[in-house]
Each structure stands twice: as structure tokens, then as C-alpha cells.
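Structural overview
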Amino acid sequence: MDGNPFPMNPTPNSDTGHVSSVWLLIFAAWLLSAISTLGALFFGEVMEVPTCSLCWYQRIFMFPLAVILPLGLFPLDLKVIRYTLPLPLLGGLLAGFHLLLIEGVIPESIQPCTKGVPCSETFVEWFGFLTIPMMSIAAFSTIAVLLFAARFRGSQ
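Everything numeric here is computed off the predicted structure, so don't read it as measured data.

The next thing to look at is the overall build of the chain. If you tally the helices and strands in the chain, you get 5 helices and 2 strands. Listed N to C, the secondary structure of the chain is α-α-α-α-β-β-α in terms of helices and strands. Here the chain holds 156 residues, and 37% of them are scored as buried. Considering only residue pairs separated by 6 or more positions, the chain has 74% of its internal contacts joining residues 24 or more positions apart.

What follows is the structure, encoded as C-alpha cells:
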């Protein structure tokens, strides 16, 4: 090598596959957050599904992921994991609370939706069981798993 830090044709090494797998994990987390963000906007703006307070709070945790994660991809910056990991964890807890409220496990007297759309009502139910809070839990959980995997993969 001639000392150039940016060679035109870098030689393949064992780190190339390692770095690309971390990149793909973060990319997958971003892709899922972008799809979730577009889905939330579709439900609210196109289908005009009323949005309760808990849904708004879940959006607050999801929407930044769609903006922040790609910033850590170009160029790859593993610190983006540290900055974004709390978002799916907290959003998933909130979605879990919302699901428990809908299922009646948490009494309605505790519900935070005192004005507007009630949080305990189900407006969308696909296949007889799939609700918006369930989709939210699935998205937040998958994003958290992908980010944890990228974190552990990146520390090796």
C-alpha cells in the first residue's frame, strides 16, 4: 500500500464481511422504521383512522428512527446504535401498555386518553386479531433486536 487512506481498490479482508453485516442490520432496522412510519401516516392520513394519545406517543418514538438511522449508515457510524436504541425499547413498552389496555388487562380508569379518541377502542383489526398496537410491538421489538445484534456484532 502506498499510504493512501482511501485506496481505489481495497483488498478484501475479514473485516469487510463483518462491517457489511453490521451495516445490513442497521439498514434493516431503518427499513422497518421507514415502513412503520409510512404505515402510520397511511392509517392516519389516507384511511383517516382516528389517532389516540398512545398512538401519538408511539409515533414520537418511531418517526425519529426513520431519520436518524440512515445518518449512521453513510458513512457507517456505530454510535448511531447508542443514540437510537432507547427509542424502540421505550416505544415497545408503550405499545405493550396500549395493547394491555385494549385487551382489558389494565383497567380503563388508568387510561391516559381522557379527551378525544379513546385508547381502549380498536379501529383496525386484520385477520381477526392483528391490531395497530400489536403491529407496533412487532416493529419496535424487531428494530430493537436488529440494533442489539448490530451492537454485539460491531463490538467483536
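Moving on from the model shown.
Attention now moves to helix α5 (residues 132-154). Taking 1.5 Å as the rise per residue, α5 with 23 residues should run 33 Å; its terminal C-alpha atoms sit 32 Å apart, in good agreement. For α5, the set of buried residues is Pro-133, Ser-136, Ala-139, Phe-140, Ile-143, Ala-144, Leu-146, Leu-147 and Ala-150.

Within the largest apolar cluster, 19 residues are counted, with the highest numbers of intra-cluster contacts made by Ile-26, Leu-69 and Leu-147. At the level of elements, α1 (14-46), α2 (53-71), α3 (79-84), α4 (86-103) and α5 are the ones that each hand at least two residues to this core. When sequence neighbours within four positions are dropped, the list of residues in contact with Ile-26 reads Leu-69, Leu-73, Leu-76, Leu-78, Val-80, Ile-81 and Ala-150. If you look at the next biggest cluster of nonpolar residues, it comprises 6 residues, including Cys-52, Cys-55, Leu-101 and Ile-106.

Turning our attention to the environment of Leu-100. Here Leu-100 is to be found in helix α4. Taking the C-alpha atoms as reference points, Leu-100 and Pro-133, separated by 33 residues in sequence, lie 9.3 Å from one another. The contacts of Leu-100, once residues within four sequence positions are left out, are Val-105 and Ile-106.

So, about α4. Taking 1.5 Å per residue as the helical rise, α4 with its 18 residues ought to reach 26 Å, and the 26 Å between its terminal C-alpha atoms agrees with that figure. Every buried residue belonging to α4 is among Leu-87, Pro-88, Gly-91, Gly-92, Leu-94, Ala-95, Gly-96, His-98, Leu-99, Leu-101 and Ile-102, and all of these are buried. Turning to α4, the residues buried within the fold contact α2, α3, β2 (130-131) and α5. Two residues or fewer after α4 comes Gly-104, characterised by a positive phi angle close to 90°.

The next point concerns the confidence of the model for the chain. The predicted model of the chain averages 82 in pLDDT, with 74% of residues at 70 or higher. For the chain, per-element mean pLDDT is lowest for strand β1 (residues 125-126), which scores 60, and highest for α3, which scores 95. In this model residues 4-14 is a low-confidence stretch, pLDDT under 50, and it forms 1 contact with partners more than four residues away in sequence or in other chains.

For the pair α2 and α5, the least separation of the axes is 12 Å and the interaxial angle reads 40°. The orientation of α2 relative to α5 falls into the category oblique. The element α2 and its partner α5 pack so that their crossing is left-handed. Every residue of α5 that contacts α2 at Gln-58, Phe-61, Met-62, Leu-65 and Leu-69 is listed here: Ser-136, Ala-139, Phe-140, Ile-143 and Leu-147. Here the contact of α2 with α5 is built from residues that sort into 8 nonpolar, 2 polar and no charged.

Once that is clear, we can look at the state of the cysteines. The full count for this structure, using the stated rule, is 0 disulfides. Cysteine Cys-55 shares no disulfide, and the gap to the nearest cysteine sulfur, in Cys-52, comes to 3.5 Å. We classify Cys-55 as buried; its relative accessible area is 16%.

Rules behind the numbers
Throughout this document, residue positions are counted from 1 along each chain, in the order its sequence is written. The predicted origin of the model limits local features to residues at a pLDDT of at least 70 and limits the giving and counting of side-chain atom pairs to 80 or more, whereas totals for whole chains, interfaces and linings rest on all residues. For the side-chain quantities, the full set of heavy atoms in the structure was used; hydrogens and water were omitted. We count a stretch as a helix when DSSP gives it H or I for four or more residues in a row; a strand needs E for two or more, and each element gets its number in order from the N terminus. Throughout this description, buried means an accessible area under 20% of the type-specific maximum (1.4 Å probe, protein chains only), exposed means over 50%, and partly exposed covers the range between. Contacts are assigned to residue pairs with any non-hydrogen atoms lying within 4.5 Å of each other. Helix span is expected to be 1.5 Å times the residue number reduced by one. For our purposes a nonpolar core is just a set of buried Ala, Val, Leu, Ile, Met, Phe, Trp, Tyr and Cys residues, chained together by side-chain atoms within 4.5 Å. Values of pLDDT, the confidence the predictor places in each residue, fall between 0 and 100. Angles shown run from 0 to 180 degrees and are taken between the N-to-C directions of axes, each axis being a line fitted to C-alpha atoms and, for helices, limited to the stretch in contact. For this classification, under 35 degrees means roughly parallel, over 145 means roughly antiparallel, 65 to 115 means roughly perpendicular, and everything else is oblique. Left-handed describes a crossing whose near helix is turned anticlockwise from the far helix through less than a right angle; right-handed describes the clockwise counterpart. Residues are grouped as follows: nonpolar covers Ala, Val, Leu, Ile, Met, Phe, Trp, Tyr, Cys and Pro; charged covers Asp, Glu, Lys and Arg; every other residue, Gly included, is treated as polar. By disulfide we mean two sulfur atoms from cysteines, separated by a distance within 2.5 Å.

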